[in-house]
Amino acid sequence: MSKAVIAATGLFTPEQSISNEELVAAYNAFADRFNADHADAIEAGEMEPLTSSSVEFIEKASGIKSRFVLDKVGILDPSRMVPNLPERPNDELSILAEMAVKAAQDAIARWGKPVSEIGAVLCAASNMQRPYPAMAIEVQQALGIEGFAFDMNVACSSATFGIKTAADFIASGSVKAVLMVNPEVCSAHLNFKDRDSHFIFGDVATAVIIEAEEQATDGWEILGTRLKTVMSNNIRNNFGFLNKAALPTGEAEPVSPTGLTDKMFVQQGRKVFKDVVPMVSEMIVDHAVELGLDPHQLKRLWLHQANINMNQFIGRKVLGREPTPEENVIILDDYANTSSAGSIIAFHLHSDGFAPGDVGLICSFGAGYSAGTVFVRKRG
């Protein structure tokens, strides 16, 4: 059985960025307009007024200071608050595929080998823009890769689940190299009219090339992977093709999903923190011990970038002390939560300074609940 190596990573970052100050100004303008339009109902006690947001609230709750997005104009328009992303003709590269291809091209250039050596493409992300054809197959065609491709979705854990899947393909001898991409247009499923979540997400795409050890020239040996899922409704998105079939009798067209909060991202943040943090911390420590590793000696943690408070708590639990910024990488202050791509961005941007033999951890966690751990060792 061939061992797997993370041979290269790639990143696509949108050109546009929204600061907390810009986001708060747009939300508060919307909230003021909403409260004015419903003043009579609010005064009569029939409706609750919307509360203003603030930069201080956002940064204390999340650690986020800004986020990259594909379109900021639509998001910051108080009368819209949704990105402007026009639908493309079928003969043009779709938005998710375009992002994924750019991240993949970055990874392939760093890898330095021809795409003919790649035997499979996985598109692992929280939201696919269509059911079929698979986004992965579109990416495969755009890059001129043969073999097979498919999509997979395990919400924010999609990347680590994708790495595990790729490593298993390599171990079985099915392929010698796999390209995994994580295109995330999180701004399109975020409710920017919800004060408690309007600041959470950003857009980005990452790519990872996983290769058989015997042909890899550099990179990171995958020491072990572990996956875990536990059913929970505390993070949920009910948008899907059955929404139209659920219409009341006599209603011909579905209500716009942008007006239905449960058809976008919704979560119960405090419950998520209480459930996920101990589950993930215990999972990391148990997996490290199983692999014969001392979790306190890990050189670096590349955790899912959901919330700074979650990451700091997990870092303390795993390392048994207060981690340094170099040990527990935080990139969500600039990127916000980018779902499946977050831990890969952290790894891509902050995997320097490792000597051969040094060990680190890529870990993701999110809706499902789902969690994945990937321990890696720098090769010499």
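Residues numbered from 1 in each chain as written. Predicted model: local features only at pLDDT ≥ 70, side-chain atom pairs only at ≥ 80, totals over all residues. Heavy atoms only, no water.

Description of the overall build of the chain
Filter applied, for reference: Counting from the N terminus, the helices are the DSSP runs of H or I reaching at least four residues and the strands are the DSSP runs of E reaching at least two. Based on C-alpha atoms, the radius of gyration is set beside the globule rule, defined as 2.2 Å times the residue count to the power 0.38. Note on classification: 1.4 Å probe, protein chains only; a residue is buried when its accessible area is under 20% of the maximum for its type, exposed when over 50%, partly exposed between these limits. Whether two residues touch is decided by their heavy atoms; if any such pair falls within 4.5 Å, the residues are in contact. Computed by Shrake-Rupley with a 1.4 Å probe, the accessible areas treat only the displayed protein chains as cover when residues are assessed.
For the chain, the count of helices and strands is ten helices and 13 strands. Radius of gyration (C-alpha) of the chain: 21 Å, near the 21 Å computed for a compact globule of 380 residues. Summarising its shape, the C-alpha atoms of the chain cover approximately 70 × 50 × 40 Å along the three principal directions. Looking at the chain residue by residue over its 380 residues, the buried ones come to 52%. Contacts in the chain between residues far apart in sequence, at least 24 positions, make up 78% of those at least 6 positions apart. Of the roughly 16,900 Å² that the chain leaves accessible, carbon and sulfur atoms contribute 51%.

Quick look at the sheet that holds strand 1 (residues 4-12)
Here is the rule we go by: Pairing between strands is defined by DSSP: at least two bridges between them are needed. Geometry is summarised by axes, namely lines fitted to C-alpha atoms with helices restricted to the contacting stretch, and by angles between N-to-C directions that run from 0 to 180 degrees.
Across the sheet, which stays open at both edges, the nine strands sit in the order 5-4-6-7-1-8-13-12-11 with mixed pairing between neighbours. Looking along the sheet, the strands with just one partner apiece sit at the ends: strand 5 (148-152) and strand 11 (300-303). The sheet shows a mean angle of 25° between the axes of neighbouring strands, taken without regard to direction. Note: strand 1 against strand 8 (residues 220-229), two bridges, orientation antiparallel. Bridge pairing in strand 8 places I6 opposite W220. Across the face of the sheet, helix 5 (residues 135-143) comes into contact with strand 4 (120-124), strand 5 and strand 6 (177-185) while running at roughly 140° to strand 5. Each of strand 1, strand 6, strand 7 (203-212), strand 8, strand 11, strand 12 (359-366) and strand 13 (370-378) is contacted by helix 10 (residues 342-349), which is oriented at about 95° to strand 1, the strand it contacts most.

Topic: the nonpolar core
Here is the rule: In this text, buried Ala, Val, Leu, Ile, Met, Phe, Trp, Tyr and Cys residues form a nonpolar core when linked through side-chain atoms within 4.5 Å.
In this structure, V280, I284, L298, I314 and F365 are the most contacted members of the largest nonpolar core, which totals 49 residues. Secondary-structure elements contributing two or more residues to this core are helix 1 (20-37), helix 3 (55-62), helix 7 (269-290), strand 11, helix 8 (308-319), strand 12 and strand 13. With eight residues, the single largest contributor to this core is helix 7. If you look at the next biggest cluster of nonpolar residues, it comprises 37 residues, including V154, V329, F347 and I362.

Quick look at unusual backbone geometry
Here Y132 and P133 are connected by a cis peptide whose omega angle stands at 0°. In this chain, G368 is followed by Y369 through a cis amide linkage whose omega measures -5°. Within the secondary structure, Y369 sits in the loop between strand 12 and strand 13. Here M81, not a glycine, exhibits a phi torsion of approximately 60°, which is positive. When you line up the elements, M81 lands in the loop between strand 3 (66-69) and helix 4 (95-111). The phi torsion at S339 lies on the positive side, around 55°, for a residue other than glycine. By secondary structure assignment, the location of S339 is in the loop between helix 9 (332-335) and helix 10.

Re the pairing of strand 5
Formally: By the criterion used throughout, a crossover qualifies as right-handed when its path from the first strand across the helix to the second strand runs clockwise, the strands pointing away from the viewer.
Taken together, the five bridges between strand 4 and strand 5 define a ladder with parallel strand orientation. Residue L122 lies in a different strand from strand 5, and its bridge partner there is F150. With respect to chirality, the unit in which strand 4 leads through helix 5 into the neighbouring parallel strand 5 is right-handed.

As for the confidence of the model for the chain
Using the following cut-off: The predictor attaches a confidence to each residue, called pLDDT, with possible values from 0 through 100.
The pLDDT averaged across the chain works out to 95; a share of 97% of its residues lies at or above 70. The low-confidence segment residues 254-258, where pLDDT is below 50, has eight contacts with residues more than four positions distant or belonging to other chains.

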